[in-house]
Amino acid sequence: MKYFLKIYKKIKIFLCLCLLSGILFSVAGCPSQKEERSGEEISREKKAEIQMEKSPITDQEAILFGQELERTLTAGDGMMYVRSMDWSAITDAVLRDLPENREEGTYRRKDVLESLSQSGGIARRITEKVKRGGAYHFLRVKNVPGAEKEKKILAFRFIDPDGGVDYHDLYIHRGMTGSLMIYDIYLYFYGEKFSENIRQTLVPELYVGGTSGFGDMIVEMSEVVQILFREHMKTIEMLFTAYEEGDYQKTLDIFDALPEELKRNKSLLIIRLNAALRHMDPQEYLFVLADIREKIPDDPCVDFLSLDYFFQKEMYEEALRSLDRIEHVIGPDAYLNFFRCVANEFMGRPQEVNRLYQQAMQQDPRLKNDRDFRRYAPSRGTQQTGPAEDPSSF
């Protein structure tokens, strides 16, 4: 177990990229002001914009957009990511079917839009991670049939320099000016879209205190859970506060005091998991992981969580099966061979480690720059018959 604790940061699937304690994606800066033009010029421009908006996005356009996003982030410039976020569309998704007015006061769309777009957010966070040795790799374009037209999705891999990996599906459409915009992001670790992630945590907080419930407007939560969120909102706020202040034992204690129905809410489960991750007792983390796997066994995020659990429990065959299921969901990705190399190294299979490394390098040469993956290069991988004696070198 001591060895696992030392290599833990390199095994864990990426946690906390977008913590549910109020940390939101946001935009730094604002678009430049347009010069005043005559009504006729504006009308002609508006017609052109509408026509451009209707034109379908080609695969080549989507590929170039994904490649340029990767290139700018690799160069340390996150502004393309920032400026490509369609916060208006994301706000609409977060607040769909919700009333602006309630007896307690008014909550306006523009306030939500401002809260989502005022301070940096994921683009800045990813840029900082890439600068420190991480990577944001464009993988492929996905074409998904839609009700009216085909949807374009850009698949990305995010390698955290502090350890772990996450996958993002960027949903893109054409903005009013004809440029491609990101109108939502599917977060594989959470097993849901960003707008859904924010909606289920933001909405109960914003509409707390109502007398008639939410009815059918919030489809993500049952009426019982909606009522419990309102009744226990102060406790939930205390849970977030304890976590933000670094009191992880208190965070876990507050969670344990919640009703059973709320203990199954994924947003709160993730906060609990992050608190357990930082707890002094490593067994607490394993306990919470096992509990989450029991509470939400069919959720897409469970395999991401379980992978770390299997490694720490030395269940390598289960870890390999979990990796296969993850790859089935996200699509082919050579980086998953890194985790396969780790598992096979512990099982004493140096030839398989070498094969997996070579396969990954052929599929994605960018991984030759990954510091941790390089330790499995043939000059070393073929000589090793088990875990390295010096875990700190991992």
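See the structure shown above.
Every value quoted in this text rests on a predicted model; they were computed, and no experiment measured them.

A.B. asks: For this particular structure, what's the right way to read the overall build of the chain?
C.D. replies: Counting secondary structure elements, the chain contains 18 helices and 7 strands. Per-residue burial over the chain gives 53% buried out of 394 residues. Sequence separation of 24 or more characterises 62% of the internal contacts of the chain that already satisfy a separation of 6 or more. Here the chain displays about 19200 Å² of accessible surface, and carbon together with sulfur accounts for 49% of that area.

A.B. asks: Sorry, what's going on with the pairing of strand E5 (residues 165–174) here?
C.D. replies: Both faces of the sheet carry side chains from a regular strand, because those side chains alternate between them. Burial within E5 is extensive, with 9 of its 10 residues counted as buried. In this structure, strand E4 (residues 151–159) lies alongside E5, joined through 8 bridges in antiparallel fashion. Its bridge partner lying in E5, Arg-157 is registered against Tyr-167. In this structure, E5 lies alongside strand E6 (residues 180–187), joined through 7 bridges in antiparallel fashion. The residue of E6 that forms the bridge with Leu-170 is Ile-185.

A.B. asks: Would you explain the nonpolar core in this entry?
C.D. replies: For soluble globular proteins, the rule of thumb is that nonpolar side chains tend to be buried together. Tyr-81, Tyr-136, Leu-170, Tyr-335, Phe-339 and Phe-373 are the most contacted members of the largest nonpolar core, which has 101 residues in total. With 8 residues, helix H12 (residues 266–277) is the single largest residue contributor to this core.

A.B. asks: What should I look at first to understand the pattern of salt bridges in this one?
C.D. replies: Evaluated as defined, the whole model comprises 20 salt bridges. Note that Arg-272 and Asp-291 form a salt bridge whose closest N and O atoms lie 2.6 Å from each other. Highlighted residues: Arg-272 in helix H12 and Asp-291 in helix H13 (residues 282–295), separated in sequence by 19 residues. Each member of the pair, Arg-272 as well as Asp-291, is classed as buried. Among the salt bridges present, the one from Arg-366 reaches Asp-364, with a minimum N-O distance of 2.9 Å. One connected set of salt bridges, linked through shared partners, spans Glu-70, Arg-157, Asp-333, Asp-364 and Arg-366.

A.B. asks: Mind showing me how you'd approach helix H16 (residues 336–346) here?
C.D. replies: Because each turn of an α-helix spans 3.6 residues, side chains separated by three or four positions in sequence point in the same direction. Most of H16 is tucked away, with 11 of its 11 residues classed as buried. Inspection of H16 places Leu-336, Asn-337, Phe-338, Phe-339, Arg-340, Cys-341, Val-342, Ala-343, Asn-344, Glu-345 and Phe-346 among the buried residues, and these make up the whole buried set.

A.B. asks: Help me understand the environment of Glu-196 in this model?
C.D. replies: Mapped onto the secondary structure, Glu-196 falls in helix H8 (residues 194–206). For Glu-196, a relative accessible area of 28% translates into the label partly exposed. Spatially, the C-alpha atoms of Glu-196 and Ile-90 are 9.6 Å apart, while their sequence positions differ by 106 residues. Polar side-chain contacts of Glu-196 include one of 3.1 Å to the backbone nitrogen of Lys-193.

A.B. asks: Looking at this structure, I do not really get the packing of aromatic side chains. What am I missing?
C.D. replies: How two aromatic rings sit relative to each other is set out by the distance from centre to centre and by the angle between their planes. Evaluation of the coordinates by the stated rule reveals 17 aromatic pairs. Grouped by ring-pair contacts, the aromatic residues Tyr-335, Phe-338, Phe-339, Tyr-357, Phe-373 and Tyr-376 constitute a single cluster. The ring of Tyr-171 carries the charged tip of Lys-193 above its face, separated from the ring centre by 4.5 Å. When the ring centre of Tyr-376 is taken as reference, the NZ or CZ atom of Arg-375 above it lies at 4.8 Å.

Reading guide: rules and limits
Residues numbered from 1 in each chain as written. Predicted model: local features only at pLDDT ≥ 70, side-chain atom pairs only at ≥ 80, totals over all residues. Heavy atoms only, no water. Helix = DSSP H or I, 4+ residues; strand = E, 2+ residues; numbered from the N terminus. Buried < 20%, exposed > 50% of the residue type's maximum accessible area, 1.4 Å probe, protein only. Contact = heavy atoms within 4.5 Å. Areas by Shrake-Rupley, 256 points an atom, 1.4 Å probe, with all protein chains shown as cover. Pairing = 2+ DSSP bridges. Core = buried A, V, L, I, M, F, W, Y, C linked by side-chain atoms within 4.5 Å. Salt bridge = Lys/Arg side-chain N within 4 Å of Asp/Glu carboxyl O. Polar contact = N/O pair within 3.5 Å; in protein donor to acceptor, adjacent residues only side chain to side chain. Phe/Tyr/Trp six-rings, centres within 6.5 Å; stacked < 30°, edge-to-face > 60°. Lys NZ or Arg CZ within 6 Å of the ring centre and 35° of its normal.

Any functional reading would require information that these geometric values do not contain.
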